[in-house]
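The primary structure of each chain is shown beneath.
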Amino acid sequence: MYKVLLVDDERIITEGMSKVINWESIGTSLIGTARNGIEAFSMIEQQQPDIVISDIKMPGMNGLELVAKVNSVFPEIRFILLSGFSEFDFAKQAMQYGVKHYLLKPCNENSIMDAITEICEDLQQKQIREQFIQNMKGTLDSVLPYAKEQLMKEFITNHYENKDLAYYQKLFNIDLHTPNVRLVLFQLEGNFEFEHMFAIKNIAEHIFDSYILSCMVGETILFLLEDCSYSVLLSQIEKIKKTFFQYYQIDSTVAITDTGKISTANKLFSEALDCLAYRFYLGEGGVITKKDIAYQNPTEELEFYYDDQTFCRLVKSGSWCDVNAEIETFFNQLIELRLDINITKSYVIQLFNAMIRLCEPKEMNMYLTKLNLLLDIDTIQNLKSFFESVAQEITLTFFNQNNNKHSTIIKKVIETIDKYIGNENLSLHWVANEMLYMNADYLGKLFKKETGEKFSNYITRLRIELAIKMIEKENDVKVFEIAEKIGYGENPQYFSQVFKKHTGFTPSEYKRESLQGL
C-alpha cells in the first residue's frame, strides 16, 4: 500500500475526498489530512507519505511552496496539485519539481483516482527498476572478484599493447607502474586432481602475507605478489610446500621470478614458465629462479656427438654393468650441456631407436610403442630411469642368448676333452683350430667364464683324477703306462712331476700309500 496525505484549507474538501475515494481499491491508504502547507510539511517529516494531494492556494504556505520545500528534502514524494485557477503559470512552476498531475477544481473522484493510479503504477515501475538494479549490483558484487581475477589472469598470460595499460589500470583499480611485484608458479608433481590444485591455492592464500592475484593457469597455480624480502618469501613457500605435502603426500616444484612492475607481468610470466621448464634438468620438488637457469648463447653452436654403435655393441655383449656405466656417461654429458629440452630428447630418442633395432621385429615394435611415453617425460632423471629400464631388459635378453650359445660351445669343448684326453696334442689351440674352428683366445675366456677354470688347469686336473683312478684300480700298472694313456706320451718323468705337484706324492708313492691303506 502506498501512503497518501490530503492537504487543503477547506475541511469540506478533505473530508469529502477522504470518504468518497475507495483508497484500498487503488492500492493506497490515507494516512491523514492537513489544513495548510506548514502543517502538511510537519506530517510529511514524521510519516513520509508516497503521494501528497494538495491544494495550491492555502494560507501560511501554499501548495507550490510546499512542493518546493518537500522536493529539497524528500524528492521521491509524488504530488497531485488541485486548484480553482487555470493559469498555466501554476502548472509550469509545479512541473519544474517533477509534478505531472495538475487537476482543476472542481474535480470528480474518478479523475483523482486515475491520477493516483497512474502515480502508483509509476512508483511500482520505479520499485521494479530499483530492485532489478539492486539485484544486478548484488550479482555484480559477487562475480566482480572472479571477473577481475579472470581479466587479470588474461592480462598476465597474454600479450597486450601499451595502449591497453590505461584500460586495465582503471578496470583493476591498480597502479600498474609503481609497485614492484613477483610471480610465483606452483607445479604439482606426479598424479594429482583439480582438488589438489585448489587445496594448495587455498593453503598459499593463507600463508602469503599479501597477494594481488591468485589463479590457476593450466596445471599450474599462479600468484602475483607484492615484492617482499626474498628470505621471507622462501620461508613462506617452504611452509606451503610442507603443509600441502603433510595432507596429500604430493610434492611441488616452484618457480620464482625477479621483481618487476605489474605492467611487465607478461614478461615475468614467460620467465616463470622458463624456470619451470628447467625442472627437466634440475629435478622435481625444488624452488627454481632465473639464476638457476644456465642460459646458452643462441649464436653458439653446441656440438654433441655420441657413438651409438659402441653402446649397441655393449648391449649385445649382455654386460649390464658396462651398459649401465655407459648410460651414466651419456646422460651426464647431456645434463652438463643443458641444451634445449627438445634437442636433448632428440639425442635420447636417437640412441633409443639404435638400441631397439638390435631386437627381433616383434620386440622392436613393442618398444616403439613406448616412444610416446618417452616424449611425455618431463625431467631428465625420469627420462634416464625410463631409458635404463628398457636398456636393462634388452641387455638381459642378449645375456641369456649369449649364455645359451656359450653353454653349447663349452659343452662341445668338454666332450672333445673327454674323447681326446689321451691325446698328447690335446690343447686349447688344438681344440679351437682343429675341432671348433674358433679363435683360441676367445674360446679360452669363454671356457673360464663358464667353468671357472682355465683350459690348461681343467685338462691337468682331469688327467690327474684319471691317473688316481687307474692306480687305485690296477695294482700292477706302470707309471709309463699311465702317462701314455692320459696324454703325457713318452714323458713319464714329466707326468710324475705334475702328479706330485697336485697330490704331494709321486705315482709310485701314491700307489704304496694306497696299498698300505688297504
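Only a predicted model underlies this, so the values are computations on that prediction, with no experimental measurement involved. Numbering of residues starts from 1 in each chain and follows the order in which that chain's sequence is written. Note on the predicted model: pLDDT of at least 70 is required for a residue's local features to be given, and 80 or more for side-chain atom pairs to be given and counted; whole-chain, interface and lining totals, by contrast, use all residues. Side-chain figures throughout are based on the complete set of non-hydrogen atoms in the structure, without hydrogens or water.

**Some details on the overall build of the protein chain**
Step number 1: Each helix is a run of DSSP H or I of at least 4 residues and each strand a run of E of at least 2, with the numbering of both proceeding from the N terminus. Along the backbone of the protein chain there are 22 helices and 11 strands.
Step number 2: In this setup the radius of gyration rests on C-alpha atoms only. A globule is expected at 2.2 Å times the number of residues raised to 0.38. At 52 Å, the protein chain has a C-alpha radius of gyration far larger than the 24 Å of a compact globule built from 518 residues.
Step number 3: The dimensions of the protein chain, computed from C-alpha atoms along their principal axes, are 170 × 55 × 45 Å.
Step number 4: The buried share among the 518 residues of the protein chain stands at 40%.
Step number 5: All accessibility values rest on the Shrake-Rupley procedure with a 1.4 Å probe; residue burial counts only the protein chains present in the view. Of the roughly 29600 Å² of accessible surface on the protein chain, a fraction of 50% belongs to carbon and sulfur atoms.
Step number 6: Within this scheme the basic residues Lys and Arg register as positive and the acidic residues Asp and Glu register as negative, but His and the chain ends are omitted. Here the site of a charge means atom NZ of a Lys, CZ of an Arg, CG of an Asp or CD of a Glu. Treating the 53 positive side-chain charges of the protein chain as one cloud and the 72 negative ones as another, the clouds have centres 7 Å apart. The cut-offs for exposure are 20% and 50% of the maximum accessible area for each residue type, with area from a 1.4 Å probe on protein chains only; residues under the lower value are buried, those over the upper are exposed, and the others partly exposed.

**Remarks on the state of the cysteines**
Step number 1: Cysteine sulfurs are considered disulfide-paired once they come within 2.5 Å of each other. With the rule as written, the count across this model stands at zero disulfides.
Step number 2: Looking at the unpaired Cys275, the closest cysteine sulfur is the one in Cys228, lying at 17 Å.
Step number 3: Looking at Cys275, the relative accessible area reads 0%, which means it is buried.
Step number 4: Sulfur of Cys359: no disulfide; nearest cysteine sulfur belongs to Cys312 and is 9.8 Å away.
Step number 5: With a relative accessible area of 15%, Cys359 lands in the buried category.

**Things to note about the side chain of Thr14**
Step number 1: Residue placement: Thr14 occurs in helix α1 (residues 11–20).
Step number 2: We call two N or O atoms a polar contact when they sit within 3.5 Å, provided that within protein one can donate a hydrogen and the other can accept it, with sequence-adjacent residues counted only if both atoms are side-chain atoms. In this structure the side chain of Thr14 is engaged in a polar contact, spanning 2.9 Å, whose partner is the backbone oxygen of Arg11.
Step number 3: The contact rule is simple, with two residues in contact once any of their heavy atoms fall within 4.5 Å. If sequence neighbours within four positions are ignored, Thr14 has contacts with Leu6, Asp8 and Thr33.

**So, the packing of helix α12 (residues 320–337) against helix α13 (residues 341–356)**
Step number 1: Note on geometry: axes are C-alpha line fits, over the in-contact stretch for helices, and angles between N-to-C directions span 0 to 180 degrees. One can describe the packing of α12 onto α13 by two numbers: an axis separation of 10 Å at closest approach and a directional angle of 165°. Relative to α13, the element α12 lies roughly antiparallel. Read as a crossing pair, α12 and α13 show a hand that is right-handed. Every residue of α13 that contacts α12 at Phe330, Phe331 and Leu334 is listed here: Thr344, Tyr347, Val348 and Leu351. Here the word oblique covers every angle except those under 35 degrees (roughly parallel), over 145 (roughly antiparallel) and from 65 to 115 (roughly perpendicular). Each crossing gets its hand from how the near helix is turned against the far one by less than a right angle, where anticlockwise is left-handed and clockwise is right-handed.

**A word on the pairing of strand β2 (residues 28–34)**
Step number 1: Pairing between strands requires that DSSP locate at least two bridges from one strand to the other. Bridge analysis of strand β1 (residues 2–7) against β2 gives six bridges, and the strand direction is parallel. Pairing of Val4 across the sheet is with Leu30, part of β2.
Step number 2: By the criterion used throughout, a crossover qualifies as right-handed when its path from the first strand across the helix to the second strand runs clockwise, the strands pointing away from the viewer. This β-α-β element, β1 to α1 to β2, shows right-handed connectivity.

**Points about the environment of Glu450**
Step number 1: By the element assignment, Glu450 lies in helix α18 (residues 440–451).
Step number 2: For Glu450 and Leu224, which are 226 residues apart along the polypeptide, the C-alpha to C-alpha distance reads 67 Å.

**Quick look at the nonpolar core**
Step number 1: As used here, the term nonpolar core means buried Ala, Val, Leu, Ile, Met, Phe, Trp, Tyr and Cys residues forming a set that is joined through side-chain atoms within 4.5 Å. Core analysis: the biggest nonpolar cluster contains 53 residues, and Ile156, Leu222, Phe311, Phe352, Phe387 and Ile394 have the highest contact counts within it.
Step number 2: At eight residues, the largest contribution of residues to this core is made by helix α16 (residues 380–419).
Step number 3: Core analysis: the second largest hydrophobic core is formed by 22 residues, Met197, Ile200, Ala204 and Ile237 among them.

**Describing unusual backbone geometry**
Step number 1: In this model, Gln48 sits at a positive phi of 45°, which is unusual for a non-glycine residue.
Step number 2: With a phi angle near 50°, Arg338 is a residue other than glycine that sits in the positive phi range.
Step number 3: By secondary structure assignment, the location of Arg338 is in the loop between α12 and α13.

**What about the pattern of salt bridges?**
Step number 1: What counts as a salt bridge is simple: a side-chain nitrogen of Lys or Arg found within 4 Å of a carboxyl oxygen of Asp or Glu. Applying the stated criterion across every chain yields a total of 12 salt bridges.
Step number 2: Notably, a salt bridge pairs Lys384 with Glu328, separated by 2.7 Å at the nearest N-O pair. Placement of Lys384 in helix α16 and of Glu328 in helix α12 is noted, with a sequence separation of 56 residues between them.
Step number 3: Given a relative accessible area of 10%, Lys384 falls into the buried group.
Step number 4: Judged by relative accessible area, which is 32%, Glu328 ranks as partly exposed.
Step number 5: Its salt-bridge partner being Glu453, residue Arg461 comes within 2.9 Å of it at the nearest N-O pair.
Step number 6: Here the salt bridges do not stand alone but share partners, grouping Glu189, Arg279 and Asp378 into one network.

**A look at the packing of aromatic side chains**
Step number 1: When two rings of Phe, Tyr or Trp (its six-membered ring) have centres within 6.5 Å they constitute a pair, described as stacked for plane angles under 30 degrees, edge-to-face for angles over 60, and tilted for the intermediate range. A complete count under the given rule lists 20 aromatic pairs for this structure.
Step number 2: Taken together, a centroid distance of 5.1 Å and an interplanar angle of 35° make the contact between Phe244 and Tyr248 tilted. Within this pair, Phe244 and its partner Tyr248 are both found in helix α8 (residues 230–248), separated by four residues, close to a single helical turn.
Step number 3: Here Phe244 falls in the buried class, since its relative accessible area comes to 0%.
Step number 4: Taken together, a centroid distance of 5.8 Å and an interplanar angle of 40° make the contact between Tyr278 and Tyr281 tilted.

**Focus: a negative patch on the surface**
Step number 1: The patch calculation keeps residues exceeding 30% relative accessible area without a salt bridge and links them within 9 Å when they carry like charges or within 5 Å when they are nonpolar (Val, Leu, Ile, Met, Phe, Trp, Tyr). A surface patch of negative charge is lined by Glu424, Glu474, Asp476, Glu481, Glu484 and Glu490.
Step number 2: Looking at Glu424, the relative accessible area reads 56%, which means it is exposed.

**Let's talk about the side chain of Thr344**
Step number 1: In this fold, Thr344 is placed in helix α13.
Step number 2: By relative accessible area, Thr344 is classed as buried at 0%.
Step number 3: Looking at Thr344, its side chain comes within polar contact range of the side chain of Tyr281, at 2.4 Å.
Step number 4: Ignoring sequence-local partners within four residues, the contact set of Thr344 consists of Phe280, Tyr281, Leu334, Leu339 and Ile380.

**Considering the sheet that holds β1**
Step number 1: Taken in spatial order, the five strands of this open sheet run β2-β1-β3-β4-β5, and their pairing is parallel. Of all the strands in the sheet, just β2 and β5 (101–104) have a single pairing partner and so form its edges. The sheet shows a mean angle of 20° between the axes of neighbouring strands, taken without regard to direction.
Step number 2: As paired elements, strand β4 (residues 78–83) and β5 share four bridges and run parallel to each other.

**Structural notes on helix α21 (residues 492–503)**
Step number 1: Taking 1.5 Å as the rise per residue, α21 with 12 residues should run 16 Å; its terminal C-alpha atoms sit 16 Å apart, in good agreement.
Step number 2: Along α21, the positions that sit buried rather than exposed are Phe495, Ser496, Val498 and Phe499. All buried residues of α21 fall inside an arc of 170° around its axis, so they share one side. Residues of α21 that are exposed and angled more than 90 degrees away from the buried face: Gln493 and Lys501. What a helix should span is 1.5 Å times the count of its residues minus one. What the arc covers is the set of directions going from the helix axis to the C-beta atoms.

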